[in-house]
Structures are given as structure tokens and as C-alpha cells.
Amino acid sequence: MKYSDLVAVYAELEQTTKRLEKTAILASFLKKTQESDLDMVILLLQGKVFPSYDEAKLGVAAKLVIRAISTASGLTPAKLEQDWKKTGDLGLVAERMIHGKVQATLFSQELMVKKVFDNLKKLSSLSGAGTVDQKVKLLSELLTSAKPEEAKFIVRTVLEDLRVGIAEGTLRDSIVWAYLYQGNIEEKNQVENREDYKKVVEAVQEAYNATNDFATVAKAAKKGLPAVQDISISVGSPLQVMLAQKETTIDDAFSRVGRPAALEYKYDGFRMLIHKHEGKYALYTRRLENVTAQFPEVVNFIRDNVNGSNFIIDAEAVGFDAKTNQYLPFQHISQRIRRKYGILELAKKLPVELNVFDVLFLNGKSLIKEPFSKRRDTLAKIVTERPKKIILAHQLITGENKDAQKFFEAAIKAGNEGIMFKALDAPYKPGSRVGHMVKFKSAMETLDLVIVGAEWGEGKRKGWLTSFTLACKDEDEFKEIGKVGTGIKELEEEGLSFNELTETLKPYILSGKGKEVRIKPHVILEIKFEEIQASTSYGSGYALRFPRVLRERTMEKGLKDVSDLDLVKRLYAQQKKV
Ligand code: AMP
């Protein structure tokens, strides 16, 4: 496929914010796409060259892109940087520069999707100081043969900022309409409540949740619905974890999962999905980031204490104080997730215990359709418990409110966040919040908000980003709701620090003006506050009074989990009642 065909689709998508139109554009494009191009095209449509769970990352800095545009256009980096400051979009800069030059090289070769894809992959495989020149060369080679609009999208892809806004649900629906559902897409709203339509959408979503790979799903969809329904989880490829619903009373929690239920401590750590595949171990976070290298001791705990030739286990890794053995809140161990050096020393300083609570795959067989009670029995059989290394999540089976209350109090006393209620007879549903598992925490309501801007600090905070602009979600958009600085520490030892947060945010900085920077939504913070106020200062129409950062949640939550404006409205209405 020619890259220009894909670019034409990006351009069409860029013209509309309507989900239905986007779905129609994508569906007709997918229909025309040959099977051999599907893998590449589906990733590139999402602005990626690697699936999100892949350890490989593009990781190209804006400076390098500027050098490549400079080589391709003959303009100085200083001039390009100036234009970048004005537009805030290096893609646009590349488009204009190439435009100025294109007449001279009218006869350059047509760019193919495969060439773009391969060069971008090669880019990321180069690492180390001496490779910058090679990276510039690979990228400028692409830009030299690109037409202006192609250059724009190549640059945006490299910077992982495609700006055409395809939500996961849109891609899912376009696969449905391209291959599985016959009808007029203009009538999508009418058919959405029909059982036959819902069944198809659900099958596609389930297949995606099990594989995290729309290309696999699309290829199956080309063959028909049964092929999609046949897709299941497989060891070695990360799947989306099952999510919990929330209830605020014990009665409500029981009514969702039934009595009796399995109650478990809700450990305040982070989710870890563990694969053993062909003798190798891989650890993924809830957002499917591969953290195997960061937790070598966890790999040892599993190797030494879990039986099975291959498996997928669901667990929570929790930090504890090496001296007192008390569990510690997640924030204490958060640095371990991103640490690239000194891993062994940090593992000693901030040890974790693995609390395993589910097994989804064992010895070549998926177990997700089996009832939870049976999966837990299987888990108990294959795991040898070693306190402070690996244990089965503490569990009580009961149907009594008073037992649940006692269990909850014991959980809080032991330093946990609360308890989970789990339906004994339920299957495991990857990626779903279906109510087979319910969380029950202590009362305080918090919001998970995403950082969309910040200010460079001054004085002793120089070099750090401070005062973070937060946004909530409103459908596919993010709307600002306030600024926060409180709760972030100056010293790393005390928890989430300005330094750590700055380092995390740097790759997501989109543009800057004076002290202020605009940040691509990615990093999510859990925010506590005194009150929600109506406000004209922020796009959401609301502001938070006395906001305070409780912790960073980027590892566990994706953009789709950011608290939405409806929740803000609901909380605002509730506080008015009391
Ligand atoms: P939340 O992040 O507030 O939506 O709560 C759900 C999270 O609690 C899960 O994603 C797990 O990371 C965590 N968790 C802690 N203990 C357990 C447990 N025993 N069973 C399931 N999830 C648990």
C-alpha cells in the first residue's frame, strides 16, 4: 500500500470530530486493505509502530526530528525551532518545509507504508550515543521522499502525537462495519440496540481484550464471526485484566456478586500479570507495560514457588517496610516501576511481596471460563506460599454482613486499602468491569485526573515542573478542572517527587510558552479535594477546592479510566444536598 493512501485517511479523520463519520471512514478503508498490510496499517492508524505492550518504544526526541527535517529541507535547526514554537506542532513545520522544496524533487519515489513502518522500527532498535546520526539519516531519508502531508504524519507518528483521535471503541466499531455487519452505517444509531449487532460488537471487544491486538482481531473478522469468537487468551501475549466495580455499602457489594462470596484484602500495590511461556517469565502492569527487568526478585519468587510448564497469573505486588514488615502505600514503591539502573539495590531498599489472586491459563489451557472458586483452588495447588515473597491473597468466604465488616476492619488495620468482593461462580472477563469483582474502600471520594499542562518552577524548584494543570474526561476530549502542586514532595524518599514527575512528563511535553508547557495527556494522578465548585476559569465548568495529590496512577490506569465530567457533576450535586 502507498503511504499516501493512509495519509489520505488520516487527513479525512482529521476533518471530523464525529465518531460515526470516523467509523465510516475507517470501515471503508479497512475493507479495501489487503490482509498482508493489516498489521502495519492498524498500528499506524493508532499512531504506533509497536503494540502498547511491546518493550520496544519509538523514543525519538523532538531535537532529533528537527535535525532530520533540517537535513531534508536544508533549513537551519534554529529556523525550524522558531516555527515550532509558533505552531506547537513539528508535523506542521515539516509539512511546510517540505512544501517549499517539493517542486525541486517532483520525481522522487512514491513512499510505501512498508518503507515508513520499517524505517520507524529500525529507528527504535538503535540505541546509545553513537546512533543519533544514523537515526537522523533514517528519518531524513523518509522525509526526503515524502510529500508535504506525508511528512506531517511521519513526524507526528515519530513523536507519538498523531492528533487524529481514533478512540479504541471507534476502531472496534469500524472492524465490525468493515467485515461483520452488513447494513447502512448511517443507521448505526438505530441498530445499536439490536441484539444481533450487540452480539457482534461484544465478540470483537472480547477478542480485543484477550489479545490487545486489533490486527489479529481484524484478520479473524475478515474470515467471519466464528473466527472472532474463537480468539482466546494465550500465554505470552498480554491480555487486559478484569476490572472491579465499586460499591459503597456491604449490602450493595453482596448484591452484585451474590452470597456467599469470596472476600479478599485489597492490597495497595499495583497489578501484575505474570506469564510463564516457553521457560521465560514476563511481568506486565495493568496497562500492559513490561516490567520484567525492574522486578528480578519477583521472577525468582515465581520460578521457585509456582508449579506449571506455562501459566498466566493475576496478582498485586505490594511494598512493605523491610524492618517492620508493615505494608506500605503504593507511592513508596512507584519508583521501582520505571527504574532502569541500580535495580538490585532498589529492590533491597523497597521490597515487594507478590499477592496472587487468580490463574487464567495453565499448562496449555485457558481457565477463564471456569468459575472463580475453581480457579482459586487451582492456584492454591500450584503456589507454595512464602511470606514476604509470594502469598495467596488473604481470603474469607462468607455471606454475612458482620463477617464482612470485621474482615474489612482487619484489612484496613493491616495497611490495606479495603476489601474486594468476588463472585464465586463467575468467569474471568479480560478488560471488563462486569461486576464479578467489586471493590469496597473507605469512604473518601477521589478523582483520577490527567495532567495536560504545567509550569517550570523557580528558585529551589528550578528545573522541575510544578503546578500541574489537571483535566477530566468528556467523551473523547479532556477538559481542565484545576491546578495542583500540593502533595508532591521535594525529596524523592518522601514519595512522589517533583523530580520524578518531571522526568515522567518530559517526553510528553508538546509545546512551551514562557514558564508554561502544554502536556500530552498521559500521566494520571489521584486527587483528593475539599469541595467541587462551579467555575468559569476552566473548560470543564468546575474547579477543585484545596486539591491534593494522593498518588500517581499512570501505571494502573489508562486515559479511558480518567474520571469523567459526569462523575464530577454527580459529586457536585451530591455535596449540594448535604
Ligand atoms: P481500583 O484500582 O481502585 O479500580 O481497584 C482495583 C485494583 O485493586 C485492581 O486492579 C488491583 O490492582 C487491586 N487489587 C488489590 N488487591 C486485590 C485483590 N485481592 N483482587 C483483585 N484486585 C486487587
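For the structure given in this document, a descriptive report is provided here. (Residues numbered from 1 in each chain as written. Predicted model: local features only at pLDDT ≥ 70, side-chain atom pairs only at ≥ 80, totals over all residues. Heavy atoms only, no water.)

### Description of the environment of Pro260
Line of reasoning, step 1. Tracing the backbone shows Pro260 in the loop between helix 15 (250–257) and strand 2 (261–266).
Line of reasoning, step 2. Once you skip the residues sitting within four places of it in the chain, Pro260 turns out to touch Ile397, Thr398, Gly399 and Leu424. (Helix = DSSP H or I, 4+ residues; strand = E, 2+ residues; numbered from the N terminus. Contact = heavy atoms within 4.5 Å.)

### Let's talk about the packing of helix 4 (residues 62–73) against helix 5 (residues 77–87)
Line of reasoning, step 1. Where helix 4 meets helix 5, the axes come as close as 9 Å, and the angle between the chain directions of the two elements is 120°. Judged on the interaxial angle alone, helix 5 and helix 4 are oblique. Our pair here, helix 4 against helix 5, has a crossing hand that is right-handed. When helix 4 is examined against helix 5, the residues Ala62, Lys63, Ile66, Ile69 and Ser70 are found in contact with a partner set consisting of Pro77, Leu80, Glu81 and Trp84.
Line of reasoning, step 2. Looking at the contact of helix 4 with helix 5, its residues break down into 6 nonpolar, 1 polar and 2 charged. (Axes fitted to C-alpha atoms, helices over the stretch in contact; angles between N-to-C directions. Parallel < 35°, antiparallel > 145°, perpendicular 65-115°, else oblique. Left-handed = near helix turned anticlockwise from the far one by under 90°. Nonpolar A, V, L, I, M, F, W, Y, C, P; charged D, E, K, R; others polar.)

### A few points about the packing of aromatic side chains
Line of reasoning, step 1. Considering all chains together, one arrives at 16 aromatic pairs under this definition.
Line of reasoning, step 2. On the basis of an interplanar angle of 80° and a centroid distance of 5.8 Å, the ring pair of Tyr267 and Tyr327 is categorised as edge-to-face. One end of the pair, Tyr267, is in the loop between strand 2 and strand 3 (270–277); the other, Tyr327, is in the loop between strand 5 (311–319) and helix 17 (334–338), and 60 residues separate them in sequence.
Line of reasoning, step 3. Judged by relative accessible area, Tyr267 falls into the buried class, the value being 4%.
Line of reasoning, step 4. Here Tyr327 falls in the buried class, since its relative accessible area comes to 15%.
Line of reasoning, step 5. One aromatic cluster is present, formed by Phe254, Phe408, Phe421 and Phe440 through successive ring pairs. (Phe/Tyr/Trp six-rings, centres within 6.5 Å; stacked < 30°, edge-to-face > 60°. Buried < 20%, exposed > 50% of the residue type's maximum accessible area, 1.4 Å probe, protein only.)

### Details of the packing of helix 1 (residues 3–14) against helix 9 (residues 148–158)
Line of reasoning, step 1. Helix 9 packs onto helix 1 with a crossing angle of 80° between their chain directions and a minimal axis gap of 10 Å. The angle between helix 1 and helix 9 places the two elements in the roughly perpendicular class. Along its contact with helix 1, which presents Tyr3, Ser4, Val7, Tyr10, Ala11 and Glu14, the element helix 9 presents Glu149, Glu150, Lys152, Phe153, Ile154, Arg156 and Thr157.
Line of reasoning, step 2. Here the contact of helix 1 with helix 9 is built from residues that sort into 6 nonpolar, 2 polar and 5 charged.

### A few points about the sheet that holds strand 10 (residues 418–422)
Line of reasoning, step 1. Read from one edge to the other, the open sheet built from 5 strands follows the order 1-11-10-2-9, with strand pairing classed as mixed. Both edges of this open sheet fall to strand 1 (245–246) and strand 9 (395–398), since each of them pairs with a single strand only.
Line of reasoning, step 2. In this structure, strand 1 lies alongside strand 11 (residues 437–441), joined through 2 bridges in parallel fashion. Its bridge partner being in strand 11, Lys246 is matched across the sheet by Lys439.
Line of reasoning, step 3. In the packing of helix 20 (residues 401–413) onto the sheet, the strands contacted are strand 2, strand 9, strand 10 and strand 11, and the crossing angle to strand 10 comes to about 135°. (Pairing = 2+ DSSP bridges.)

### Section: helix 7 (residues 113–125)
Line of reasoning, step 1. With 13 residues, helix 7 should cover 18 Å at 1.5 Å per step; its first-to-last C-alpha distance of 19 Å lies within 8% of that length.
Line of reasoning, step 2. The secondary structure elements touched by the buried residues of helix 7 are helix 1, helix 3 (35–45), helix 8 (132–144) and helix 9. (Expected span 1.5 Å × (residues − 1).)

### Digging into the pairing of strand 5
For a regular strand, side-chain orientation follows a simple rule: the groups alternate between the two sheet faces.
Line of reasoning, step 1. Counting buried positions along strand 5 yields 9 of 9 residues, so the element is predominantly enclosed.
Line of reasoning, step 2. Burial of strand 5 is two-sided: the residues Phe311, Ile313, Ala315, Ala317 and Gly319 facing one way and the residues Ile312, Asp314, Glu316 and Val318 facing the other way are all buried.
Line of reasoning, step 3. Across 7 bridges, strand 3 lies against strand 5 in antiparallel orientation. In the sheet register, His275 faces strand 5, and the bridge partner there is Ile312.
Line of reasoning, step 4. Bridge analysis of strand 5 against strand 6 (residues 352–362) gives 9 bridges, and the strand direction is antiparallel. Counterpart to Ala315 in the pairing with strand 6 is Val356.

### A few points about helix 12 (residues 195–211)
Line of reasoning, step 1. Compared with the 24 Å implied by 1.5 Å per residue over 17 residues, the 24 Å span of helix 12 between its first and last C-alpha is a close match.
Line of reasoning, step 2. Where helix 12 is concerned, the buried positions are Tyr197, Val200, Val201, Ala203, Val204, Ala207, Tyr208, Asn209, Ala210 and Thr211.
Line of reasoning, step 3. For helix 12, the secondary structure elements touched by its buried residues are helix 10 (168–180), helix 11 (188–191), helix 13 (214–223) and helix 14 (225–229).
Line of reasoning, step 4. Positioned one or two residues after helix 12, Asn212 has a phi angle of 60°, which is positive.

### With respect to the site of the ligand
Line of reasoning, step 1. Taken together, 15 residues lie around the ligand, and Glu264, Arg271, Glu316, Lys422 and Lys439 are the ones closest in.
Line of reasoning, step 2. Contact between the ligand and Lys266: an oxygen atom at 3.1 Å from a side-chain N or O atom of the residue.
Line of reasoning, step 3. Interatomic distance of 3.4 Å between a side-chain N/O atom of Arg286 and an oxygen atom of the ligand.
Line of reasoning, step 4. For the ligand, the protein covers 98% of the area, taking 500 Å² as the surface of the free molecule.
Line of reasoning, step 5. Of all the elements in the fold, those that place two or more residues in the shell around the ligand are strand 2, strand 10 and strand 11.
Line of reasoning, step 6. Classifying every residue of the shell around the ligand gives 5 nonpolar, no polar and 10 charged. (Near = heavy atom within 4 Å. Polar contact = N/O pair within 3.5 Å; in protein donor to acceptor, adjacent residues only side chain to side chain. Areas by Shrake-Rupley, 256 points an atom, 1.4 Å probe, with all protein chains shown as cover.)

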